Amino acid sequence: MIANKRLAFQNKEKESREAELVIANKELDYQNEEKENRAAELIIANKELVFQNAEKESRAAELIVANKELVFQNEEKEKRAAELIIANKELAFQNEEKEKRANELIIANKELAFQNEEKEKRANELIIANKELAFQNEEKEKRANELIIANKELAFQNEEKENRAAELVIANKELAFQNKEKEKRAEELITANRELKNAEGDIRKLNDELEQKVVERTAQLESVNKELGSFSYSVSHDLRAPIRAINGYTKILVEDYGDKFDEDGSTILHSIIYNSKKMGNLIDDLLAFSKLGRKQVAFSEIDMKGLVQTVRDELIPEDGDNIPVFKIGTLLPANGDKSLIKQVWINLISNAIKYSRYKETTTIEIESQQKGRQVIYTVKDCGAGFDMQYYDKLFGVFQRLHSQEEFEGTGIGLAIVQKIVNRHQGTVWAESVLDRGTSFYFSLPESNH
């Protein structure tokens, strides 16, 4: 009985344990379901977080774009401010330009000191102004004739009114318009007459001022010419004497005491002789350049072909490896001073020979062509050439585009050429390619024939 009770108790315990296991299993199933729900909620929460992060990134990108837009707007504002500053500077510049225009008469007078031909141009401008006045007077007469024609047209329209009853209103309006136009034209004629009178007074005043300026500038030019003559005399006598002394004493040292100097001493003495000789050449060229402004130009017809052949014969060396080959085309005659134009040919041809010395062959082409009332002459070589970016220095005094060690010279030859050609009412210019050659052009007035 005790065993049965124990078995019954154990069976009850098992049943209670089974009930507890069922409850525990249900509890475990419920917890699993809750875990799955929590996992699903976490997945949804994570998706929400990802979406929010994406939204935040898009908001951040929008903020970056907005910031860039603000920066761009600030830059635009700064640009507008800079433009306003530039506009203010432009206004200031325009005011300065107005002041410069007020000083143009002074600048023109300074140019008269260097170009006597400006006097003729001013006279021509006065002639043009007088022609303009005559033209305006003719215009006034034309306007008066137009008024007469308009009056005839009104008379004709009055006769037409009887036949154009239907057009009476339009004709009256047209007449009123024409009357207003006539009044405007009459006022314009009155204003034009006043302006013409004022212009005539201004022109007379300008003529008086110009004549006074011409007298003053002529006196200044005479004074400057006298000063230039004194300077030339000083250069030719006061400067040449010490240079000749330096050269002479140095030669005495070389001849009498040359064996007592070492190699460096002899080199220095020869350098002194060379540089003193170079200084003498510079003074000679400078004097020649200054004398050109005072030398009278004697115009006559020049046999240009014969002159070029003479210069060629004088410049061609008698011996050497690179004897220049001349290709002389048609050379038209021209008007000018033969001695001055000969110097132009000497300088241009000697330059062509000098700057072609390092070429295997030296070929120089010389020709001419007619252009209007001018004859254009060309001297072309295939020598060293020069860089055209330095063209503005080409005709300057003492301006050189090559080193003294490479090509000797004083740097005045082309300045002399330009001055001579300008005194003949001509122009000189050049075209060049580095290491491929140079072409010089100059124009002279055509022959009287």
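Our subject is the structure listed above.
What comes next concerns the included structure. (Residues numbered from 1 in each chain as written. Predicted model: local features only at pLDDT ≥ 70, side-chain atom pairs only at ≥ 80, totals over all residues. Heavy atoms only, no water.)

**Some thoughts on the overall build of the protein**
Step number 1: Each helix and strand in the protein was counted, giving 8 helices and 7 strands.
Step number 2: For the protein, buried positions account for 23% of its 449 residues.
Step number 3: In the protein, once contacts between residues fewer than 6 apart in sequence are set aside, the share between residues at least 24 apart is 73%. (Helix = DSSP H or I, 4+ residues; strand = E, 2+ residues; numbered from the N terminus. Buried < 20%, exposed > 50% of the residue type's maximum accessible area, 1.4 Å probe, protein only. Contact = heavy atoms within 4.5 Å.)

**Side note on the sheet that holds strand E5 (residues 374–381)**
Step number 1: Taking strand neighbours across the sheet as the criterion, the 5 strands line up as E2-E4-E5-E7-E6 in an open arrangement whose pairing is mixed. Because the sheet does not close on itself, it has two edges, and the strands there are strand E2 (325–328) and strand E6 (428–433). Geometrically, the sheet is characterised by an average inter-axis angle of 15° between neighbouring strands, direction not taken into account.
Step number 2: Both E2 and strand E4 (residues 363–371) contribute to a ladder of 4 bridges, which runs parallel. (Pairing = 2+ DSSP bridges. Axes fitted to C-alpha atoms, helices over the stretch in contact; angles between N-to-C directions.)

**Concerning the packing of helix H6 (residues 304–315) against helix H7 (residues 338–354)**
Two quantities define a packed helix pair, namely the angle between the axes and the distance from one axis to the other.
Step number 1: Following both chains from N to C, one finds H6 and H7 inclined at 50°, their axes separated by 10 Å at the closest point. In this view, H6 runs oblique relative to H7, as classed from their interaxial angle. The hand of the H6/H7 crossing is right-handed. Mapping the contact onto sequence places Met-304, Leu-307, Val-308, Val-311, Glu-314 and Leu-315 in H6 and Lys-338, Ile-341, Lys-342, Trp-345, Ile-346, Ile-349, Ser-350 and Ile-353 in H7.
Step number 2: Residue classes in the contact of H6 with H7 are distributed as 10 nonpolar, 1 polar and 3 charged. (Parallel < 35°, antiparallel > 145°, perpendicular 65-115°, else oblique. Left-handed = near helix turned anticlockwise from the far one by under 90°. Nonpolar A, V, L, I, M, F, W, Y, C, P; charged D, E, K, R; others polar.)

**Some points on the pairing of E5**
Successive residues of a regular strand alternate their side chains across the two faces of the sheet.
Step number 1: Counting buried positions over the 8 residues of E5 gives 6, a clear majority of the element.
Step number 2: As defined by bridge partners, E4 adjoins E5 across 8 bridges and the pair is classed as antiparallel. Across the sheet, residue Ile-366 finds its bridge partner in E5, namely Val-379.
Step number 3: Count of turn residues in the E4/E5 antiparallel hairpin: 2 residues, of which Gly-372 carries a positive phi of about 65°.

**Here we look at the pattern of salt bridges**
Step number 1: This model, assessed by the stated rule, comprises 21 salt bridges.
Step number 2: We note a salt bridge from Glu-55 to Arg-59, for which the minimum N-O separation is 3.2 Å. One end of the pair is Glu-55 and the other is Arg-59, both in helix H1 (residues 2–102) and 4 residues apart, which spans about a single turn.
Step number 3: The partly exposed category is assigned to Arg-59, whose relative accessible area is 43%.
Step number 4: Residue Lys-100 pairs with Glu-97 through a salt bridge whose shortest N-O separation is 3.5 Å. In this pair, Lys-100 and Glu-97 both sit in helix H1, 3 residues apart, roughly one turn of the helix.
Step number 5: Three or more residues are tied together by salt bridges with common partners; here these are Glu-76, Lys-79, Arg-80 and Glu-83. (Salt bridge = Lys/Arg side-chain N within 4 Å of Asp/Glu carboxyl O.)

**Remarks on a nonpolar patch on the surface**
Step number 1: A surface patch of nonpolar side chains, about 250 Å² in accessible area, is lined by Ile-246, Ile-268 and Ile-272.
Step number 2: Here Ile-246 is to be found in helix H4 (residues 168–257).
Step number 3: You can call Ile-246 partly exposed: its relative accessible area is 44%. (Patch = residues over 30% accessible without salt bridge, like charges linked within 9 Å, V, L, I, M, F, W, Y side chains within 5 Å. Areas by Shrake-Rupley, 256 points an atom, 1.4 Å probe, with all protein chains shown as cover.)

**Quick look at the packing of aromatic side chains**
Step number 1: Tallying each qualifying case throughout the model produces 4 aromatic pairs.
Step number 2: Ring centres of Trp-345 and Tyr-377 lie 5.8 Å apart, and the angle between their planes is 80°; on these two criteria the pair is classed as edge-to-face. In this pair, Trp-345 is assigned in helix H7 and Tyr-377 in strand E5, connecting sequence segments 32 residues apart. In terms of burial, Trp-345 and Tyr-377 fall into one category: buried.
Step number 3: Centre to centre, the rings of Trp-345 and Phe-442 are 5.2 Å apart; their planes meet at 70°, and the pair counts as edge-to-face. On the criterion of sequence distance, the pair formed by Trp-345 in helix H7 and Phe-442 in strand E7 (residues 437–445) is long-range, its members being 97 residues apart. Accessibility assignment for this pair places Trp-345 and Phe-442 in one class, buried. (Phe/Tyr/Trp six-rings, centres within 6.5 Å; stacked < 30°, edge-to-face > 60°.)

**Details of unusual backbone geometry**
Negative phi is the rule for most residues except glycine; trans is the rule for most peptide bonds.
Step number 1: Of note in the backbone geometry, Gln-425 takes a positive phi value of approximately 60° without being a glycine.
Step number 2: A relative accessible area of 47% means that Gln-425 is categorised as partly exposed.
Step number 3: With phi around 70°, Asp-435 is a residue other than glycine that occupies positive phi space.
Step number 4: Following the sequence through the fold, Asp-435 ends up in the loop between E6 and E7.

**Structural notes on the side chain of Ser-368**
Step number 1: Of note, Ser-368 is situated in strand E4.
Step number 2: Relative accessible area serves as the criterion here: at 14%, Ser-368 is assigned to the buried category.
Step number 3: Within the structure, Ser-368 has its side chain in polar contact with the backbone oxygen of Thr-330 (distance 2.8 Å).
Step number 4: In terms of polar contacts, Ser-368 uses its side chain to reach the backbone amide nitrogen of Leu-332, at 3.0 Å.
Step number 5: If sequence neighbours within four positions are ignored, Ser-368 has contacts with Thr-330, Leu-331, Leu-332, Val-375, Ile-376 and Tyr-377. (Polar contact = N/O pair within 3.5 Å; in protein donor to acceptor, adjacent residues only side chain to side chain.)

**Points about the nonpolar core**
Step number 1: In terms of nonpolar packing, the biggest core is built from 36 residues, with Met-304, Trp-345, Ile-366, Tyr-377 and Phe-442 touching the most fellow members.
Step number 2: With 8 residues, the top contributor of residues to this core is H7. (Core = buried A, V, L, I, M, F, W, Y, C linked by side-chain atoms within 4.5 Å.)

**Some remarks on the side chain of Ser-443**
Step number 1: Mapping Ser-443 onto the fold places it in strand E7.
Step number 2: Judged by its relative accessible area of 6%, Ser-443 falls in the buried class.
Step number 3: If we skip the residues at most four places from it in the chain, Ser-443 touches Gln-374, Val-375, Ile-376, Val-421, Gly-426 and Thr-427.

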